[in-house]
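Summary of structural features
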Amino acid sequence: MCGRLNVTDDPFVTSLMEGLGISLSDVKPIYNRYLGAAHKISIIREVEGKRCLDNAIWWLLLEKANGGFKPSKYTSFNTRYDKLNVPRSAGYKAFRESRCIIVASGFGETEGKGAKARYHDFFAQDAAIAFGGLCREWVNQDSGDITLSCSIITIPPHEKIKPFHTKASPLMLPQDDDTMDLWLDSNFNKVEAFNDLLEPHLPQNLLVQQIDKPSIHAPLGEKVLIQAD
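Residues numbered from 1 in each chain as written. Predicted model: local features only at pLDDT ≥ 70, side-chain atom pairs only at ≥ 80, totals over all residues. Heavy atoms only, no water.

**Focus on empty space enclosed by the protein**
Here the idea is plain: a probe the size of a water molecule rolls over the atoms and shows the empty space left. For the structure on display, the rule yields two cavities of 30 Å³ or more. Put simply, the largest cavity is a space of about 80 Å³. As for the largest cavity, its lining consists of 14 residues, of which R4, L5, N6, R33 and D121 are closest to the centre. Approximately 30 Å³ is the volume found for the second largest cavity. Every residue along the wall of the second largest cavity is listed here: V7, M17, I30, I41, S42, I102 and V103. Mapped by element, the contributors of at least two residues to the lining of the second largest cavity are β3 (40-47) and β8 (99-104). Looking at the lining of the second largest cavity, its residues break down into six nonpolar, one polar and no charged. (1 Å grid on protein atoms, 1.4 Å probe; cavity = no way out; pocket = protein on both sides within 12 Å on 5 of 7 lines; lining within 4 Å. Points joined across faces, edges and corners; volume = space filled by probe spheres on them. Helix = DSSP H or I, 4+ residues; strand = E, 2+ residues; numbered from the N terminus. Nonpolar A, V, L, I, M, F, W, Y, C, P; charged D, E, K, R; others polar.)

Next comes the structure, spelled out in structure tokens:
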């Protein structure tokens with residue numbers, strides 16, 4: 001699973017966002033070393049044929065609260081790959097109609113619980129990561145206000161990542177072909193074209209750093225390089 005993001009204001013993040021058609025002179029992404037589940041994060045999506053950068057609650061399922069919406073009791077900051085083609089599942093419709101990309105410098109994972117928990121941060125090496133995500137709009141029937149939510153798709157754990165995290169890995173999209181364009185195309189619903197993406201794969205080099213805990217972020221030991229497939 002993936003429950004922490006690092007989005008740094010650096011040339012790699014900027015280049016990837018601008019390469020996806022986002023003008024950062026018009027909008028400013030949410031930058032933070034530690035963006036956790038249920039926080040607002042910036043997503044790239046296509047609306048009426050135009051790509052835009054919007055802020056969304058990182059929790060796909062929302063419920064009504066105080067005239068608006070809040071994260072529901074059902075955990076949904078990640079959407080499992082094996083639920084995407086299950087009718088009536090939370091991500092079924094969004095996978096076909098409202099995919100998005102979350103651009104980040106890296107992500108964090110936790111292995112174990114309590115005193116035995118180990119924390120690792122994963123960073124793209126001299127690059128940014130394009131996470132494959134889903135988004136949904138929630139409309140307030142009284143005011144007409146729209147609240148946007150999102151999730152990051154997770155796939156089976158990659159063998160190269162298992163030494164650090166044995167559970168699911170986030171879906172990282174290739175950046176050297178037309179995958180991202182198809183992913184953002186709101187008119188493209190032949191989702192079987194994405195089947196290969198839902199298998200374990202590592203499209204870019206990652207650097208892994210063990211840390212004491214996410215709130216303090218003190219490094220433990222040396223960084224480890226994980227080579228792309």
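**Re the environment of G3**
Here G3 shows up in the segment before β1 (4-7). Take G3: its relative accessible area is 23%, and that puts it in the partly exposed class. When the C-alpha atoms of G3 and I146 are compared, they prove to be 24 Å apart, with 143 residues separating the residues in sequence. Setting aside its immediate chain neighbours within four residues, G3 contacts L35, G36, A37, W58, F77 and G108. (Buried < 20%, exposed > 50% of the residue type's maximum accessible area, 1.4 Å probe, protein only. Contact = heavy atoms within 4.5 Å.)

**Remarks on the layout of surface pockets**
Here the largest pocket is characterised by a volume of approximately 400 Å³. Around the largest pocket, the lining comprises 16 residues; the ones closest to its centre are E97, S98, C135, R136 and E137. Where the lining of the largest pocket is concerned, the elements lending two or more residues are β3, α2 (92-97) and β11 (129-139). A class-by-class count of the residues in the lining of the largest pocket yields six nonpolar, three polar and seven charged.

**Regarding the pattern of salt bridges**
When their charged atoms lie close together, side chains carrying opposite charge are able to pair. One pass over the structure, following the stated rule, counts eight salt bridges. Note that K162 and E159 form a salt bridge whose closest N and O atoms lie 2.9 Å from each other. Given a relative accessible area of 57%, E159 falls into the exposed group. Salt bridges sharing partners connect three or more residues here, namely R45, D54 and E137. (Salt bridge = Lys/Arg side-chain N within 4 Å of Asp/Glu carboxyl O.)

**A look at the sheet that holds strand β9 (residues 106-111)**
As summarised here, the arrangement of the six strands in space is β2-β1-β9-β10-β14-β15, forming an open sheet in which the pairing is antiparallel. Two strands bound the open sheet, and with one partner strand each, they are β2 (32-36) and β15 (219-226). The mean inter-strand angle of the sheet, taken between neighbouring strand axes irrespective of direction, is 25°. Sheet topology note: the β9/strand β10 (residues 118-124) ladder contains six bridges and is antiparallel. (Pairing = 2+ DSSP bridges. Axes fitted to C-alpha atoms, helices over the stretch in contact; angles between N-to-C directions.)

**As for the state of the cysteines**
Counted by the stated rule, this structure contains zero disulfides. No disulfide involves C100; its nearest neighbouring cysteine sulfur is the one of C135, lying 4.5 Å away. Judged by its relative accessible area of 0%, C100 falls in the buried class. Residue classification places C135 among the buried residues on the basis of a relative accessible area of 3%. (Disulfide = S-S within 2.5 Å.)

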